[in-house]
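Coordinate analysis (summary)
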Amino acid sequence: MNNFIDGHTILIGLMAYPIRHSMSPTMHNAAFQKLNLNFVYLAFDVDAPQLADGVKAIRTLEMRGSNVSMPNKQKIIQYLDKLDITSELNQAVNTVVNDNGVLTGYTTDGVGFINDLKKKGHSVKDQTVLVTGAGGAGTPIAIQSALEGAKEILIFNQHDEHWDNAQRNAEVINQKTASKAKVFDLSDTDAFKTALQTCDIYCDATGVGMGKLADMSLVEDPSWFKPDMVVFDTVYAPRTTKLMQVAQQAGVKFVYNGLGMMVEQGAAAFKLWTGQDMPIEFVKQQLL
Ligand code: NAD
């Protein structure tokens, strides 16, 4: 196992603020060492005012790239040379790849969701996908599901600062993909209940169920679920959220947290930087 740094070590960054809590450095460095790749991944506190300098550093230090997270996901677009289709449609970037000074932005969160579902035996193709939330996670999940051939995307959001983004996401899906998207107000309980009964896959991307909202769930009544659906919570701390408990009480067969998605979005970035497949099972063991 390569556990040294030398004059040839290539740097990959993570630029966000606050960011010191992130599991990404542990995940990527474990994978580099396992595969004997001479890379190192470091987190940097880069807030919006420092972002231009941060991107300049990617070029100056000949870094292979960087992840970015809030508050930089949209702001970074102006400093990049190119966007791939996922970032173009999401109007957000979480991964930057530096090809000899040409910086391309990608969004791997949606791919992470899809790949995690695939590994668990589920496809979104021709399915109805219900997504609550239209922020940093809900947007790529809805858009990537549409790009992967979902029949219908039902987006539920509360009337807050993300409402316009929910509308934008539906417009993008309807204009740029073969999928059909509709937006509903989350306070429309009847519509939400009906959508849960008709969808194949429900993904909660609101963050309800973690932190101060740890004992809350958008669905409190198990009878709103049906056993043959998929219930997916993007939250991974705690590993079993209140929503997942309600789904389990309802006898739902396929109930997942966001840990697999988190590793898969990292694996997609890892592949872009190194050309290699992340040793996913090994990495998951390091994160437990
Ligand atoms: P965000 O702030 O960008 O968006 C939050 C969304 O949830 C918005 O649409 C907002 O309207 C909605 N929302 C917020 N509070 C709500 C409430 N009380 N009731 C109903 N809706 C509410 O956040 P984000 O970056 O999209 O993150 C959302 C969650 O997804 C977080 O828990 C985050 O940890 C998780 N996440 C997981 C992964 C992963 O790989 N598993 C990746 C990204 C984010």
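Okay, so let's go over this structure. (Residues numbered from 1 in each chain as written. Predicted model: local features only at pLDDT ≥ 70, side-chain atom pairs only at ≥ 80, totals over all residues. Heavy atoms only, no water.)

**Some words on the sheet that holds strand E11 (residues 230-233)**
The following threshold applies: When DSSP locates at least two bridges between a pair of strands, those strands are taken to pair. Helix and strand labels come from DSSP, where a helix needs a run of H or I of at least four residues and a strand needs a run of E of at least two; each type is numbered from the N terminus. As a rule, the C-alpha atoms of each element are fitted with a line to give its axis, helices using only the stretch in contact, and angles between N-to-C directions run from 0 to 180 degrees. Should any heavy atoms of two residues lie within 4.5 Å, those residues are counted as being in contact.
Strand order in the open sheet made by the six strands is E9-E8-E7-E10-E11-E12, with parallel pairing throughout. Of all the strands in the sheet, the pair left with one neighbour each is strand E9 (180-185) and strand E12 (254-256). Neighbouring strand axes in the sheet, compared pairwise and without regard to direction, differ in orientation by 15 degrees on average. Here four bridges tie strand E10 (residues 201-204) to E11, and the two strands are oriented parallel to one another. Each bridged residue has a counterpart across the sheet, and for aspartate 204 the counterpart in E11 is aspartate 233. Lying over the sheet, helix H6 (residues 163-176) contacts strand E8 (152-157) and E9, oriented at roughly 165 degrees with respect to E9.

**A closer look at the state of the cysteines**
Each disulfide is one covalent bond, formed between the sulfur atoms of two cysteines. Condition: By convention in this document, the label disulfide applies to cysteine sulfur atom pairs within 2.5 Å. Each residue is assigned to one of three classes by its accessible area relative to the maximum for its type, calculated with a 1.4 Å probe on protein chains only: buried under 20%, partly exposed between the two thresholds, exposed over 50%.
Under the counting rule described, the total for this entry stands at zero disulfides. Here cysteine 199 is not disulfide-linked; the sulfur of cysteine 203 is the nearest cysteine sulfur, at 11 Å. Judged by its relative accessible area of 0%, cysteine 199 falls in the buried class.

**Details of the site of the ligand**
Under the convention used in this document: The criterion for a residue being near a molecule or strand is simple. One of its heavy atoms has to lie within 4 Å of it. Whenever two N or O atoms come within 3.5 Å, that pair is a polar contact, provided that in protein one can donate a hydrogen and the other can accept it, and provided that, for residues adjacent in sequence, both atoms are side-chain atoms. In these tables, accessible area is a Shrake-Rupley quantity obtained with a 1.4 Å probe, and a residue counts as shielded only by the protein chains included in the view. Residues are grouped as follows: nonpolar covers Ala, Val, Leu, Ile, Met, Phe, Trp, Tyr, Cys and Pro; charged covers Asp, Glu, Lys and Arg; every other residue, Gly included, is treated as polar.
As a structural note, the neighbourhood of the ligand is formed by 23 residues, with Ala134, Gly136, Ala137, Asn157 and Asp160 the closest of them. Interatomic distance of 2.7 Å between a side-chain N/O atom of asparagine 157 and an oxygen atom of the ligand. Within the side chain of aspartate 160, an N or O atom sits 2.6 Å from an oxygen atom of the ligand. For the ligand, whose free accessible area comes to 850 Å², the fraction covered by protein is 76%. For the shell around the ligand, a count of residues per class yields eleven nonpolar, ten polar and two charged.

**Considerations on the packing of aromatic side chains**
Convention followed: Any two rings among Phe, Tyr and Trp, with Trp reduced to its six-membered ring, count as a pair given centres within 6.5 Å; such a pair is stacked if its planes are under 30 degrees apart, edge-to-face if over 60, and tilted if neither.
As enumerated under the stated definition, the model contains nine aromatic pairs in all. On the numbers, 5.3 Å between centres and 25 degrees between planes, the contact of phenylalanine 32 with phenylalanine 270 is stacked. Linking phenylalanine 32 in helix H1 (residues 24-34) with phenylalanine 270 in helix H9 (residues 259-274), this pair joins segments that are 238 residues apart in sequence. For phenylalanine 32, a relative accessible area of 1% corresponds to the buried category. Residue phenylalanine 270 is classed as buried on the basis of its relative accessible area of 0%. Measuring from centroid to centroid gives 5.2 Å for phenylalanine 156 and phenylalanine 192, while their planes differ by 45 degrees, and the two rings are tilted. Taken as a pair, phenylalanine 156 in strand E8 and phenylalanine 192 in helix H7 (residues 189-198) lie far apart in primary sequence, 36 residues in all. The residues phenylalanine 156 and phenylalanine 192 share a single accessibility class, namely buried.

**What about the sheet that holds strand E4 (residues 82-83)?**
The mixed open sheet is built from six strands, whose spatial order is E2-E1-E3-E5-E6-E4. The open sheet is flanked by strand E2 (39-45) and E4, the only strands paired with a single partner. Two elements, strand E1 (residues 10-16) and strand E3 (residues 65-68), share four bridges in a ladder whose sense is parallel. Residue methionine 15 lies in a different strand from E3, and its bridge partner there is valine 68. Against the sheet, H9 contacts E1, E2, E3, strand E5 (95-99) and strand E6 (102-106), and its axis sits at roughly 5 degrees relative to E5.

**Overview of the pattern of salt bridges**
Just so we agree on the cut-off: One speaks of a salt bridge when a side-chain nitrogen belonging to Lys or Arg is within 4 Å of a carboxyl oxygen belonging to Asp or Glu.
The full count for this structure, using the stated rule, is eleven salt bridges. Among the salt bridges present, the one from lysine 119 reaches glutamate 264, with a minimum N-O distance of 2.8 Å. One end of the pair, lysine 119, is in helix H4 (residues 109-119); the other, glutamate 264, is in helix H9, and 145 residues separate them in sequence. Judged by its relative accessible area of 57%, lysine 119 is exposed.

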